[in-house]
Amino acid sequence: MDGVLRSDAKVMESPTPSWGIRIYDVLLRFLGLAFTFVAAVLVGVTRETKIVSITISQGLPVLHLPFTARWQYMSALVFFLVTNSVACAYAAGSLVYSAAARSFKHNAALVLSILDLIMMALLYSANGAAAAIGLVGLDGNSHVQWRKVCDVFDGYCHHLAAALVLSLVGSFAFLCLVLLSVLGLHKKSK
């Protein structure tokens, strides 16, 4: 063998994700945290009171009654606010773990991936519920005699629409996290 040592040992790749994937992971978690936080705060503080004129009969005087629109009055918006708050808290915790961990253990990465998938599903579900009730508020529903409310509470509806868009961007960040996890699993399987 002329003094040359040969080894048949295979070099195993480390289970840690590549540096680029870790940067994207931290960035996406931060974006998910920021967008779900702003969406939750925007819905939580949105409130509008208007004086509405109501005519009961031709011979009676017009009544001027104050009405207030708040997120607590619609269960879909309560679900939206709670889901964005939970996703924000999860994003904060997973961001700290993701940024502090030198390497992901296989089980920890799998748990994070599953939780990311759950948060994504919850967020898209809450976004769908809020969008559906928002469309009823915008257009009404003549079949069940629900009237439009966004022509009266226009500022309230604009704030809810902005919160919905922000929450959708946060949901997309969680979708990208799930896709990164799938990509990492695909690379490990090769």
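Criteria and thresholds
Residues numbered from 1 in each chain as written. Predicted model: local features only at pLDDT ≥ 70, side-chain atom pairs only at ≥ 80, totals over all residues. Heavy atoms only, no water. Helix = DSSP H or I, 4+ residues; strand = E, 2+ residues; numbered from the N terminus. Buried < 20%, exposed > 50% of the residue type's maximum accessible area, 1.4 Å probe, protein only. Contact = heavy atoms within 4.5 Å. Areas by Shrake-Rupley, 256 points an atom, 1.4 Å probe, with all protein chains shown as cover. UniProt positions renumbered as here; feature names shortened; annotations may be inferred. Salt bridge = Lys/Arg side-chain N within 4 Å of Asp/Glu carboxyl O. Axes fitted to C-alpha atoms, helices over the stretch in contact; angles between N-to-C directions. Parallel < 35°, antiparallel > 145°, perpendicular 65-115°, else oblique. Left-handed = near helix turned anticlockwise from the far one by under 90°. Disulfide = S-S within 2.5 Å.

(A) Quick look at the overall build of the protein chain. Secondary structure summary: the protein chain contains four helices and two strands in total. For the protein chain, the α and β elements follow one another from N to C terminus as α-β-β-α-α-α. Across the 190 residues of the protein chain, 31% fall into the buried class. Looking at the protein chain alone, contacts between residues at least 24 apart form 74% of all its contacts between residues at least 6 apart. Just so you have it, the protein chain exposes about 12400 Å², and 68% of that area is on carbon and sulfur atoms.

(B) Here's a closer look at the UniProt feature "transmembrane region" (unreviewed entry) in the protein chain. The feature "transmembrane region" (unreviewed entry), as given by UniProt, occupies residues 26-45, 73-97, 109-138 and 158-185 in the numbering adopted here. Structurally, residues 109-138 comprises 100% helix and 0% strand, and the distance from its first C-alpha atom to its last is 42 Å. Between the first and last C-alpha atoms of residues 158-185 the distance is 41 Å; the span itself is 100% helix and 0% strand.

(C) Main features of the pattern of salt bridges. Counting across every chain of the model gives four salt bridges. Residue Arg 29 pairs with Asp 116 through a salt bridge whose shortest N-O separation is 2.9 Å. Taken together, the residues span a long stretch of sequence, with Arg 29 in helix H1 (residues 19-45) and Asp 116 in helix H3 (residues 106-139) at a distance of 87 residues. Note on accessibility: Arg 29 and Asp 116 belong to one class, buried. A salt bridge links Asp 154 to Lys 50; the shortest N-O distance between them is 3.9 Å. Within this pair, whereas Asp 154 is found in helix H4 (residues 154-189), its partner Lys 50 is found in strand E1 (residues 47-54), the two being separated by 104 residues in sequence. Overall, the relative accessible area of 28% leaves Lys 50 in the partly exposed class.

(D) The packing of helix H2 (residues 75-100) against H4, seen in detail. Close contact between H2 and H4 brings their axes to 11 Å; oriented N to C, the two are set at 40 degrees. Compared by their axis directions, H2 and H4 come out oblique. Regarding H2 and H4, the two cross each other, and that crossing is left-handed. Residues Leu 77, Phe 80, Asn 84, Ala 87, Tyr 90 and Ala 91 of H2 lie in contact with H4, whose contacting residues are Tyr 156, Leu 160, Ala 163, Leu 164, Ser 167 and Phe 174.

(E) Examining the state of the cysteines more closely. The full count for this structure, using the stated rule, is one disulfide. The residue that forms a disulfide with Cys 150 is Cys 157, at a sulfur-sulfur distance of 2.0 Å. Judged by the torsion about the S-S bond (-85 degrees), the Cys 150/Cys 157 disulfide is left-handed. Cys 157 carries the same exposure label as Cys 150, and that label is buried.

(F) Structural view of the environment of Gly 128. Inspection of the secondary structure assignment puts Gly 128 in helix H3. Separated by 52 residues in sequence, Gly 128 and Ala 76 have C-alpha atoms that sit 9.1 Å apart.

(G) Region of the structure containing the side chain of Asn 127. Along the polypeptide, Asn 127 turns up in helix H3. Among residues more than four places away in sequence, those in contact with Asn 127 are Phe 80, Leu 164, Ser 167, Leu 168 and Ser 171.

(H) Structural view of the side chain of Glu 48. Mapped onto the elements, Glu 48 comes out in strand E1. For Glu 48, a relative accessible area of 13% corresponds to the buried category. If we skip the residues at most four places from it in the chain, Glu 48 touches Phe 67, Thr 68, Ala 69, Val 152, Phe 153, Asp 154, Gly 155 and Tyr 156.

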